[in-house]
Number of protein chains: 2
Amino acid sequence: MLITDLLIRAIEEKSCPIVVGLDPVLERIPDSIKQTAENKYGNTLQAAAESLYQFNFNLLNTLHSVIPAVKLQIACYEMYGQWGMNAFQQTLELAKSLNLIVINDSKRSDIGSTAIFYANGHLGKVPLIKGEDTRLKADFLTINPLLGSDSLNPFIQECQRSNKGLFILARTSNASAAEYQEAIIDGQPLYKKIAADIQKLACDQMGERGYSSIGAVVGATWPREIEQLREIMPDVFFLMPGYGAQGASADQLTTGFDQKGLGALVNSSRGVIFAYQSPEFQEKFPNPMEYAGAALEAVLMMRDDLLRSLRQAGKLPDNW
Amino acid sequence: MLITDLLIRAIEEKSCPIVVGLDPVLERIPDSIKQTAENKYGNTLQAAAESLYQFNFNLLNTLHSVIPAVKLQIACYEMYGQWGMNAFQQTLELAKSLNLIVINDSKRSDIGSTAIFYANGHLGKVPLIKGEDTRLKADFLTINPLLGSDSLNPFIQECQRSNKGLFILARTSNASAAEYQEAIIDGQPLYKKIAADIQKLACDQMGERGYSSIGAVVGATWPREIEQLREIMPDVFFLMPGYGAQGASADQLTTGFDQKGLGALVNSSRGVIFAYQSPEFQEKFPNPMEYAGAALEAVLMMRDDLLRSLRQAGKLPDNW
């Protein structure tokens, strides 16, 4: 089964089109987790990275039954060097063992001969001295299209080879997105041209449920653009960041979904994993070590919010 | 002294505007290096990563006296996970101990709140449980500008804080570069708009020698564009990939240099580090373990080639 069909099945099983961003930030992790790591490894990069993993461990064990997928922002791990990359891999493997779909949010990009290394390293297999490695990899990878088709092809090919998927940046969620993404090409803004190219690529790798393994990142912060991009990319699954901490509301993004409530996965990171620090949750979860419980409540509230908006838009499946 | 002034001093001391790309590829590393690593660590990712480092070790010890800088393509290391990132850090630290300028070629890009993590991790300091880490970082980082100014700012600020530099992708060296980079904005192609924005950013961080710590990646494979970009970015140092394996000739890229033979650093990776495998060098260096000697000869030939072209262009300093 194509990876995107597995994603859709997971969304339907949990009636929840949400991906939680595991983007741990050391300063915001409860002290007792850090204290335990420091007792074990001293005040080191390794202790910092261990804190990230332990923080994720409780989140994953609490959230896995209600969400279909997690997204790992690799920057949060990579900053801690080899130890951070170990925490990244541990988190990825734990998430896979809990049957979650895993998105590696790396936004990688390079010329073709280098893109192969990123594709092998993050989606496929890497050469060992003899044979190839068998580490678990993520199911989906985000990539940046600025370098054009020859930089995308190695990722596309790796997806075909290894049954993996991509989310290619079409329209990012940040305030400056328009600066370069609205340059004009073939009479249309660049982000629409990129979207049209993604749609073309998507057609070659379609799943049984009407969506391709080649997806797109479409910022939830741009309501008008979401609607336009859905028209340009009917076969493309959307990864939509920007809900919550970045300011997008559920009503703004329902146009990213199809009539069956599918076709999009809405991401929230800080708003969920650090819910325990927000005034909204602190009364009910006064102990920082209840952060996973607060995150669960935040996810369920987000789900209610999204489902309410989908219902209003006439897009909510009957059995959700 | 601004990092770019240190780069210029290193180029002048060695009369060599060349950066060698340490982009090791396991399949192309001599067997005896891999055998030693396998004896030590088995057929593992760690053994693969150790092979990359040992390959670099000989290259650095042979080349450091003739080149001012090395560029590490992080994809070659990252694919080997935590062990690869350890090899990356070991290589970086060895290069710094040999007084080389180090460019971390990561082409990172993300929204501002995430870009901070990349900037801290690759140029600045990262938070530990108490205080900050003191690992050595690279001197320069390559970044991708697609997300616009709010994605670039954290890197710019980190450069000011830590006396580091950037090379922002203006025009990449690959064949598909034009696909999106020639979209039109403000009446000009996107890559020129990005170049104009880089020039503006550069003005705020100028060194004593007339160049900024905010540099640009300008593919050596695009002769006409190099000339135009030099006009748009008079204060910006160019990192020019594409010489050799990617097909650019020395004559094509002299317009990237100023009248004093400065302002550009020409990169060669595969053409240098794997010279021992090319027919041109195999007769003189029949033993694969002479790869560093072959690389040295390849660098000196490349230097002769560049200096000859700079002389013809009337740009060669008298004392080089």
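Our subject is the structure that appears above.
These notes cover the structure that comes with them. (Residues numbered from 1 in each chain as written. Chains lettered and ligands numbered in written order. Predicted model: local features only at pLDDT ≥ 70, side-chain atom pairs only at ≥ 80, totals over all residues. Heavy atoms only, no water.)

Overview of the packing of aromatic side chains
Next up, step 1: Evaluation of the coordinates by the stated rule reveals 14 aromatic pairs over all chains.
Next up, step 2: Consider the rings of A:Phe55 and A:Phe274, whose centres lie 5.6 Å apart with planes at 20°: the pair is stacked. Residue A:Phe55 is found in helix 3 (residues 45–63), and its partner A:Phe274 is found in the loop between helix 12 (270–273) and helix 13 (279–282); the two are separated by 219 residues along the sequence. Exposure class is identical for A:Phe55 and A:Phe274. Each is buried.
Next up, step 3: Arranged with centres 5.2 Å apart and planes meeting at 75°, the rings of B:Tyr211 and B:Phe237 form a pair that is edge-to-face. (Phe/Tyr/Trp six-rings, centres within 6.5 Å; stacked < 30°, edge-to-face > 60°. Helix = DSSP H or I, 4+ residues; strand = E, 2+ residues; numbered from the N terminus. Buried < 20%, exposed > 50% of the residue type's maximum accessible area, 1.4 Å probe, protein only.)

Details of the sheet that holds strand 10 (residues 264–268) of chain A
Residues and elements named next belong to chain A.
Next up, step 1: The eight strands are arranged 1-2-3-4-5-8-9-10 in a closed barrel whose pairing can be described as parallel. Geometrically, the sheet is characterised by an average inter-axis angle of 30° between neighbouring strands, direction not taken into account.
Next up, step 2: Two elements, strand 1 (residues 18–21) and strand 2 (residues 69–73), share three bridges in a ladder whose sense is parallel. Looking at the pairing, Val-19 lines up with Ala-69 of strand 2.
Next up, step 3: Its contacts with the sheet put helix 7 (residues 149–162) on strand 3 (101–108), strand 4 (140–143), strand 5 (165–171) and strand 8 (214–218), and the angle it makes with strand 5 is roughly 145°. (Pairing = 2+ DSSP bridges. Axes fitted to C-alpha atoms, helices over the stretch in contact; angles between N-to-C directions. Contact = heavy atoms within 4.5 Å.)

Overview of the relation of the copies chain A and chain B
Relating one copy of the chain to the other requires a rotation about an axis plus a shift along that axis.
Next up, step 1: Between chain A and chain B, the superposition needs a rotation of 180° and an axial shift of 0.0 Å, giving an RMSD of 0.0 Å. Taken together, the rotation and translation relating the two chain copies correspond to the operation of a two-fold axis.
Next up, step 2: Both copies contact each other with a shared surface, as 100% of the interface residues of chain A are interface residues in chain B too. (Least-squares fit on C-alpha atoms with pLDDT ≥ 70 in both.)

Here we look at the packing of helix 3 (residues 45–63) of chain B against helix 5 (residues 81–97) of chain B
The relative placement of two packed helices comes down to the angle between their axes together with the axis-to-axis distance.
All names here are of chain B.
Next up, step 1: Two elements in contact, helix 3 and helix 5, have axes whose closest approach is 8 Å; the angle formed by their N-to-C orientations is 15°. Between helix 3 and helix 5, the crossing angle belongs to the class labelled roughly parallel. Here helix 3 runs over helix 5; the crossing is right-handed. Counting all contacts with helix 3, which are made through Leu-45, Gln-46, Ala-49, Tyr-53, Asn-56, Phe-57, Leu-60 and Asn-61, the residues of helix 5 involved are Trp-83, Gly-84, Ala-87, Gln-90, Thr-91, Leu-94 and Ala-95.
Next up, step 2: Here the residues of the contact of helix 3 with helix 5 sort into nine nonpolar, six polar and no charged. (Parallel < 35°, antiparallel > 145°, perpendicular 65-115°, else oblique. Left-handed = near helix turned anticlockwise from the far one by under 90°. Nonpolar A, V, L, I, M, F, W, Y, C, P; charged D, E, K, R; others polar.)

Considerations on the interface of chain A and chain B
Next up, step 1: Facing 69 residues of chain A, the contacting portion of chain B comprises 69 residues.
Next up, step 2: Roughly 6,100 Å² of surface becomes buried between chain A and chain B when both sides are summed, with 60% attributable to carbon and sulfur atoms.
Next up, step 3: Its largest share of buried area at the contact with chain B, chain A owes to A:Ile129, A:Leu146 and A:Tyr180, together 15% of the area lost on that side.
Next up, step 4: Taken together, the connections running from chain A to chain B amount to six salt bridges.
Next up, step 5: Of the residues belonging to the side of chain A that touches chain B, the class tally is 31 nonpolar, 23 polar and 15 charged. (Buried area = accessible area lost by both parts, 1.4 Å probe. Salt bridge = Lys/Arg side-chain N within 4 Å of Asp/Glu carboxyl O.)

Details of the pattern of salt bridges
Next up, step 1: On inspection of all chains with the given rule, the structure shows 38 salt bridges over all chains.
Next up, step 2: Of the charged contacts, one joins A:Lys200 and A:Asp197 as a salt bridge, the two residues approaching to 3.7 Å between their closest N and O atoms. Residue A:Lys200 and its partner A:Asp197 are located together in helix 9 (residues 190–203), separated by three residues, close to a single helical turn.
Next up, step 3: The buried category is assigned to A:Asp197, whose relative accessible area is 15%.
Next up, step 4: Beyond isolated ion pairs, a larger network of salt bridges with shared partners links A:Lys71, A:Asp105, A:Lys107 and B:Asp110.

Remarks on the side chain of B:Ser213
Next up, step 1: Examined against the element boundaries, B:Ser213 turns out to sit in the loop between helix 9 (190–203) and strand 8 (214–218).
Next up, step 2: Among residues more than four places away in sequence, those in contact with B:Ser213 are B:Leu2, B:Ile3, B:Thr4, B:Phe140, B:Lys164, B:Gly165, B:Leu166 and B:Gln205.

A short note on helix 14 (residues 291–312) of chain B
The α-helix advances 3.6 residues per turn, and as a result positions three or four apart in sequence lie on the same side.
Next up, step 1: Over its 22 residues, helix 14 of chain B extends 31 Å from the first C-alpha to the last, a length consistent with the 32 Å expected when each residue adds 1.5 Å.
Next up, step 2: Positive phi appears at B:Gly314, one or two residues downstream of helix 14 of chain B, with a value of about 70°. (Expected span 1.5 Å × (residues − 1).)

Quick word on the nonpolar core
Next up, step 1: If you look at the biggest cluster of nonpolar residues, it comprises 244 residues, and the most contacted ones within it are A:Ile67, A:Leu166, A:Met233, B:Leu166 and B:Met233.
Next up, step 2: Apart from residues no more than four positions distant in its own chain, B:Leu166 is found in contact with B:Leu123, B:Phe140, B:Leu141, B:Ile143, B:Phe155, B:Ile156, B:Cys159, B:Ser213, B:Ile214 and B:Gly215. (Core = buried A, V, L, I, M, F, W, Y, C linked by side-chain atoms within 4.5 Å.)

Structural notes on the sheet that holds strand 5 (residues 165–171) of chain B
Residue and element names in this part refer to chain B.
Next up, step 1: One closed barrel holds the eight strands; their spatial order is 1-2-3-4-5-8-9-10, and the pairing between them is parallel. If you compare each strand with its neighbour and ignore which way they point, the axes differ by 30° on average.
Next up, step 2: Two elements, strand 9 (residues 238–240) and strand 10 (residues 264–268), share three bridges in a ladder whose sense is parallel. The residue of strand 10 that forms the bridge with Met-240 is Val-266.
Next up, step 3: Along the sheet face, helix 5 touches strand 2 (69–73) and strand 3 (101–108) and points at about 150° away from the line of strand 3.

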